[in-house]
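This is what each chain is made of:
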Amino acid sequence: MLPQDIIARKRDGEEVGKEDLRGLVLGFAGDEVPDYQMSAFAMAVCLQGMSFGETCALTEAMVESGETLDFSGSARFVADKHSTGGIGDKVSLVLAPLAASCGLAVPMISGRGLGLTGGTLDKLESIPGFRVNLSASELGNVVNQCGCAITGQTEEIAPADKKLYALRDVTATVPSIPLISASILSKKLAAGLEGLVLDVKCGSGAFMKTEPDARELAETMVAVGSRMGCRVEAQITEMSRPLGRTAGNAPEVVEAVQALHGQGPDDLIELTLSLVSNMLAMSGRGDEEKGRRDLLLDAISSGRAWDSFIRMVELQGGDPAAFDDIDGFGAAKFTEEIASPKAGFVSLVDSEKVGRAAFALGAGRRDREDSVDHSAGVSELKQAGEFVEFGGTLAKIHASSSQGLGEARDLLLSAFEFSEESVEVSPLILARINADDVALG
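What counts, and at which threshold
- Residues numbered from 1 in each chain as written.
- Predicted model: local features only at pLDDT ≥ 70, side-chain atom pairs only at ≥ 80, totals over all residues.
- Heavy atoms only, no water.
- Helix = DSSP H or I, 4+ residues; strand = E, 2+ residues; numbered from the N terminus.
- Rg over C-alpha atoms; globule rule 2.2 N^0.38 Å.
- Buried < 20%, exposed > 50% of the residue type's maximum accessible area, 1.4 Å probe, protein only.
- Axes fitted to C-alpha atoms, helices over the stretch in contact; angles between N-to-C directions.
- Left-handed = near helix turned anticlockwise from the far one by under 90°.
- Contact = heavy atoms within 4.5 Å.
- Nonpolar A, V, L, I, M, F, W, Y, C, P; charged D, E, K, R; others polar.
- Arc of directions from axis to C-beta.

## Remarks on the overall build of the protein chain
Summing up its helical and strand segments, the protein chain has 16 helices and 13 strands in all. Over its C-alpha trace the protein chain gives a radius of gyration of 22 Å, about what one expects of a compact globule, namely 22 Å for 441 residues. On the principal axes, the C-alpha backbone points of the protein chain span a range of 70 × 45 × 40 Å. Across the 441 residues of the protein chain, 56% fall into the buried class.

## Some words on the packing of helix H8 (residues 159-170) against helix H9 (residues 177-190)
Axis separation between H8 and H9 bottoms out at 10 Å; the angle between their running directions is 145°. As for the relative orientation of H8 and H9, their crossing is left-handed in sense. Contact residues: H8 offers Asp161, Tyr165 and Arg168, while H9 offers Leu179, Ile180, Ser183, Ser186 and Lys187. For the contact of H8 with H9, the per-class residue count stands at three nonpolar, two polar and three charged.

## Topic: helix H1 (residues 3-11)
Note that an α-helix has 3.6 residues per turn; residues three or four places apart therefore point the same way. Regarding H1, the residues found buried are Pro3, Ile6, Ile7 and Lys10. Buried residues in H1, looked at end-on, bunch into an arc of 100°, giving them a common side. A positive backbone phi angle near 80° is found at Gly13, which sits one or two residues after H1.

## Thoughts on unusual backbone geometry
Of note in this structure, Ala158 is not a glycine but carries a positive phi near 45°. Note on placement: Ala158 falls in the loop between strand E3 (148-152) and H8. The class for Ala158 is buried, based on a relative accessible area of 0%. The phi angle at Glu380 is positive, at roughly 55°, despite the residue not being glycine. Here Glu380 shows up in the loop between strand E9 (377-379) and strand E10 (387-388).

Printed below as a string of structure tokens:
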């Protein structure tokens, strides 16, 4: 079938067959289908949606468009995590080495930030020399040597997805659950995974603003991934407030390092332990949650998780000496404490406003090719439920220039709401979804 016929069928709400979708995707990856036709197809999908079978076929074709990593010779269970992104979400930096230190293999393919949501790759590039552009073979070698690697999407893995995402980003076709699901899962499945845990965020600082939308995305990805032979589970987590006490690049790396030493904020530790525990359960390690958590806490307290992190840094070209003085890591030229205008219990920390403040300081990018200021961001954020004195610190600003300081200051002051009485904080993990909870078509 000709590309224009496939576009017309999807435009009219009809179902496209598996082989036609395969031909379209592989033709696009091979430069036989032009960008303008694939853009039209993406818009048709945005408007008309896709059936479960179509979403599976699209994902499978994207995987087939490139290489697939093979860890079949490894004694380790191959698993990974994907987050839909949020303000202060530095979980990947803690999760990958922690999981590796407990015997899992984690070939993590991550992305850059765009807009308010920070990217794992930008955070890692705060580390001098750290390479986030590994080839598929380099990715496999690092994982085989230390159990984990974190890199950007390679040229060899799911190239159709890489090309299609670049089009979606500039044609207003990003918010489509079938396209989001196929994009995420094609990269993960091409990495040779046996298990995948999903952290689907909802709230003001997330892509999915409501829990029902987050649930729909989570259920779709669990169903499609499971149908394609990978064990997939999801958690829906709160992102109306920032995760942890930092937002930015270097500030988040510092907090991740603290967490790997057992000193991170409770919410970051709790979410990371929950996700890695699920990965261990998939691998058959431990029948009970408490036993798995004890194993993870021991990996942190013994230093094994930190050793895995440092080994990954070394193998990816980073300088471990950068962490000798963690207080000076990624130090910014300008810092400023934001004083509380009143005494009381923090009842709300608006995640979106915190993200906008970090963005104003230079931590984010408007266009995908923009550079970021790795030192910029926010630290020492007060969290919901905590008491603050009048004039006490609500947050600390980090920046390389004075530009944006005023805007960031105003945004942070407006991000906090207060109560004279203690407040109950909503749960961090709102729901859990596995293959038993969804229909597989």
